[in-house]
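# Structural overview
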Amino acid sequence: EKDQPAADAGESGAVGLPPAAVRLALWAIGISGFCALAFEVFWTRALVFFLDNSTHAFTTILTAFLLGIGIGSLLIAGFVDKRKSLVGWLGGIQVLIAITAVLAIPIINNSTPVFERMAGATLDTSLPWRWIGVRFINSLSVMLLPTILMGMAFPLATKIYAQEVKRVGRSLGNIYAINTIGGVFGSAIAGFVLIPVIGVQKGIILIAAINALVGCVLLMAEPAIKYSTRVTAVAATCVVFLVVGGSSLLGGRMTLTSYYERQEIDQILSYEEGIGATVKVYRDIYGDRIISINGFPVAGEPPEYQDAQKSLAHFPLLISQVPNPRVAIIGFGAGGTSWNVLQHDVEFVDCVELVPAVPRAAHFFPEVNHGVLDEPRYNLILNDGRNHIMVTDKEYDVISIDATSPKMAGNGSLYALDFYELLKERISEDGIVVQWIPHHLLSDGEVKMTAKSFMTAFPHST
């Protein structure tokens, strides 16, 4: 019996640990991957409000996320081989991930005033990296502690599960596989189920509760710790988590607000966190109603919004020589473009909108859209504008594109040459394509680049 070889990693893992505890560590790292990617989805949806929902927002968030994981792995690497009670350590880290994730909710909810003061000292400088730095610090303030702890969890699980050198490849493969599978399901469920059903705030608390539960199970499974100590640790975890989570819920619903919105909001009329975006309808300090997507105002009652919508409708239809033109509109907004198009003698109007909550907010703007959704010639299509143009077999005489800005995440593809080439396949021989370009949001070079792309596809442009 003394000459028996050590148990292989897939069966007993770390020396002295029963197979059940080793398998538990494997499942724990899978659930940890589920929770980690769910948290990343929640944090991304929240932090875009403070990163202007720009095309650089996700890169900033991902960099901060990976930096924390890297720091955590580096910190734990120095002493993971010297520690005992590894299952207990893994459980304690899961508990701390849960608590720090919930404690970050007030930072998310209240960071705009803090960081706008910081931004005030940097926005007027000639060094753009300072403003980028403010955004990066904002992301780190929410994610750094939880992600450092996440980075510590993986080496611990590896040490528990992969002990035999001759089995280390297979063991690491198992760990990576279950962690990755957990991450895939975590991101999908967070984005497509939890956010639209319970929202970002409750979603974070729910996922944190899963982390805490996993941590408690691991603590109870640690054979090197006395039973009474394990029970005390689990009880303390439950009390602390209930206090922290309960305080967050009692503090009221978290309403994400961007820097722009804080300057002008007087009253929030509607707030919906959906799959594609967070849509808010508010009354501004001048009494006008405005709809915003991920913190960026896109349409509403003020004249400057309605002027753009009227232009996108009337200019192409007044110029068009096609009787009863078939019209496609990309972007619903407050419905102003759609209504103004229907004032002309058109055969039908297809309006493509990506975010379902946007047309659901149409009833807040009756003076803008006049109930256009009930018009018989009007067809609302919930889809991505580029995808619709790519897959539809319809031909249009007028295509009007009312995207927000090429700098906004998700809109850049509607200002690209390949999209304009797709439009050429869907426009009739005498058709017209019109697009709004936000001069006030772009540099001169960016405006020229966008116009050059458009005119490459459509040489006869103005």
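Here the structure is a predicted model, which means the values were calculated and not measured.

## Here we look at the overall build of the protein chain
Regarding its fold elements, the protein chain presents 14 helices and 9 strands. In the protein chain, which comprises 462 residues, the proportion classed as buried is 50%. Nonlocal contacts in the protein chain, meaning residues at least 24 apart in sequence, comprise 71% of its contacts between residues at least 6 apart. By element, 62% of the accessible surface of the protein chain is carried by carbon and sulfur atoms, the whole surface being about 21,700 Å².

## Things to note about helix H14 (residues 444-457)
Helix length check: H14 (14 residues) gives 20 Å between terminal C-alpha atoms against 20 Å at 1.5 Å per residue, within 8%. Buried residues belonging to H14 abut helix H13 (417-426) and strand S9 (427-435).

## What about a nonpolar patch on the surface?
On the surface, a cluster of nonpolar side chains totalling about 910 Å² of accessible area is made up of Ile181, Val184, Phe185, Ile189, Phe192, Val193, Val197, Ile198, Leu206 and Ile275. Structurally, the position occupied by Val184 is in helix H5 (residues 168-221).

## Brief notes about unusual backbone geometry
Even without being a glycine, Asn294 presents a positive backbone phi close to 50°. Mapped onto the fold, Asn294 is located in the loop between strand S3 (289-293) and strand S4 (296-300). When its relative accessible area of 9% is taken as the criterion, Asn294 is described as buried.

## Things to note about the sheet that holds strand S7 (residues 378-382)
Strand order in the open sheet made by the 5 strands is S7-S6-S5-S8-S9, with parallel pairing throughout. Two strands bound the open sheet, and with one partner strand each, they are S7 and S9. If you compare each strand with its neighbour and ignore which way they point, the axes differ by 15° on average. Bridge analysis of strand S5 (residues 326-330) against strand S8 (residues 396-401) gives 4 bridges, and the strand direction is parallel. Its bridge partner lying in S8, Ile330 is registered against Ile401. Lying over the sheet, helix H8 (residues 303-319) contacts S5, S8 and S9, oriented at roughly 150° with respect to S9.

## A short note on the sheet that holds S3
In spatial order, the strands read S1-S2-S3-S4; together these 4 strands make up an open sheet with antiparallel pairing. Two strands close off the open sheet at either side, each with one partner strand: strand S1 (265-273) and S4. Geometrically, the sheet is characterised by an average inter-axis angle of 30° between neighbouring strands, direction not taken into account. Alignment of S1 against strand S2 (residues 278-284), held across 7 bridges, turns out to be antiparallel. Within the sheet, the bridge partner assigned to Gln267 lies in S2 and is Arg283. Sitting on the sheet, H8 is in contact with S3 and S4, with an inclination near 70° to S4.

## Describing the nonpolar core
Counting residues in each nonpolar core, the largest one holds 69 residues, and the members touching the most others are Phe39, Phe42, Trp43, Leu90 and Ile108. Listing elements by their share of this core, those giving two or more residues are helix H1 (19-47), helix H2 (57-77), helix H3 (86-120), helix H4 (128-161), H5 and helix H6 (227-250). It is H1 that provides the largest number of residues to this core, a total of 16 residues. Leaving out residues up to four positions away in the same chain, Leu90 has contacts with Ala25, Ala28, Ala153, Leu156, Ala157, Ile160 and Leu218. Of all hydrophobic cores here, the second largest spans 28 residues; its members include Ile293, Ala299, Leu317 and Ala361.

## Considerations on the pairing of S3
Within S3, 5 of the 5 residues are buried, which leaves the element mostly enclosed by the surrounding structure. Judged by which residues are buried, S3 turns out to be covered on both faces: Arg289, Ile291 and Ile293 on one side and Ile290 and Ser292 on the other are all buried. Judged from the 5 bridges that link them, S2 and S3 form a sheet pairing that is antiparallel. Bridging from a neighbouring strand, Lys280 pairs with Ser292 of S3.

## Comments concerning the pattern of salt bridges
Applying the stated criterion across every chain, the model contains 9 salt bridges. Among the salt bridges present, the one from Asp350 reaches Lys394, with a minimum N-O distance of 2.7 Å. In this pair, Asp350 is assigned in strand S6 (residues 348-353) and Lys394 in the loop between helix H12 (385-391) and S8, connecting sequence segments 44 residues apart.

## What about H1?
In this model H1 runs 42 Å from its N-terminal to its C-terminal C-alpha over 29 residues, within 8% of the 42 Å that 1.5 Å per residue would give. For H1, the buried fraction is high: 22 of the 29 residues fall into the buried class.

## Some thoughts on the side chain of Thr158
Turning to its location among the elements, Thr158 is positioned in helix H4. Under the relative-accessibility criterion, Thr158 is labelled buried at 17%. Apart from the residues lying within four places of it in its own chain, the contact partners of Thr158 are Leu172 and Ile175.

## Examining the packing of H13 against H14
Interaxial distance between H13 and H14 falls to 9 Å at its minimum, and their mutual angle equals 30°. What the angle tells us is that H13 and H14 run roughly parallel. Crossing hand, H13 versus H14: right-handed. Mapping the contact onto sequence places Leu417, Tyr420, Glu421 and Lys424 in H13 and Thr450, Ser453, Phe454, Thr456 and Ala457 in H14. Classifying every residue of the contact of H13 with H14 gives 4 nonpolar, 3 polar and 2 charged.

## Details of the packing of aromatic side chains
Applying the stated criterion across every chain yields a total of 7 aromatic pairs. Note on Trp43 and Phe65: the rings are 6.4 Å apart at their centroids and 55° apart in plane angle, and the pair reads as tilted. With Trp43 in helix H1 and Phe65 in helix H2, this residue pair connects regions lying 22 residues apart in the sequence. On the accessibility criterion, Trp43 (0% relative accessible area) is buried. On the accessibility criterion, Phe65 (4% relative accessible area) is buried. Measuring from centroid to centroid gives 6.1 Å for Phe419 and Tyr420, while their planes differ by 50°, and the two rings are tilted.

Cut-offs and rules
- Residues numbered from 1 in each chain as written.
- Predicted model: local features only at pLDDT ≥ 70, side-chain atom pairs only at ≥ 80, totals over all residues.
- Heavy atoms only, no water.
- Helix = DSSP H or I, 4+ residues; strand = E, 2+ residues; numbered from the N terminus.
- Buried < 20%, exposed > 50% of the residue type's maximum accessible area, 1.4 Å probe, protein only.
- Contact = heavy atoms within 4.5 Å.
- Areas by Shrake-Rupley, 256 points an atom, 1.4 Å probe, with all protein chains shown as cover.
- Expected span 1.5 Å × (residues − 1).
- Patch = residues over 30% accessible without salt bridge, like charges linked within 9 Å, V, L, I, M, F, W, Y side chains within 5 Å.
- Salt bridge = Lys/Arg side-chain N within 4 Å of Asp/Glu carboxyl O.
- Pairing = 2+ DSSP bridges.
- Axes fitted to C-alpha atoms, helices over the stretch in contact; angles between N-to-C directions.
- Core = buried A, V, L, I, M, F, W, Y, C linked by side-chain atoms within 4.5 Å.
- Parallel < 35°, antiparallel > 145°, perpendicular 65-115°, else oblique.
- Left-handed = near helix turned anticlockwise from the far one by under 90°.
- Nonpolar A, V, L, I, M, F, W, Y, C, P; charged D, E, K, R; others polar.
- Phe/Tyr/Trp six-rings, centres within 6.5 Å; stacked < 30°, edge-to-face > 60°.

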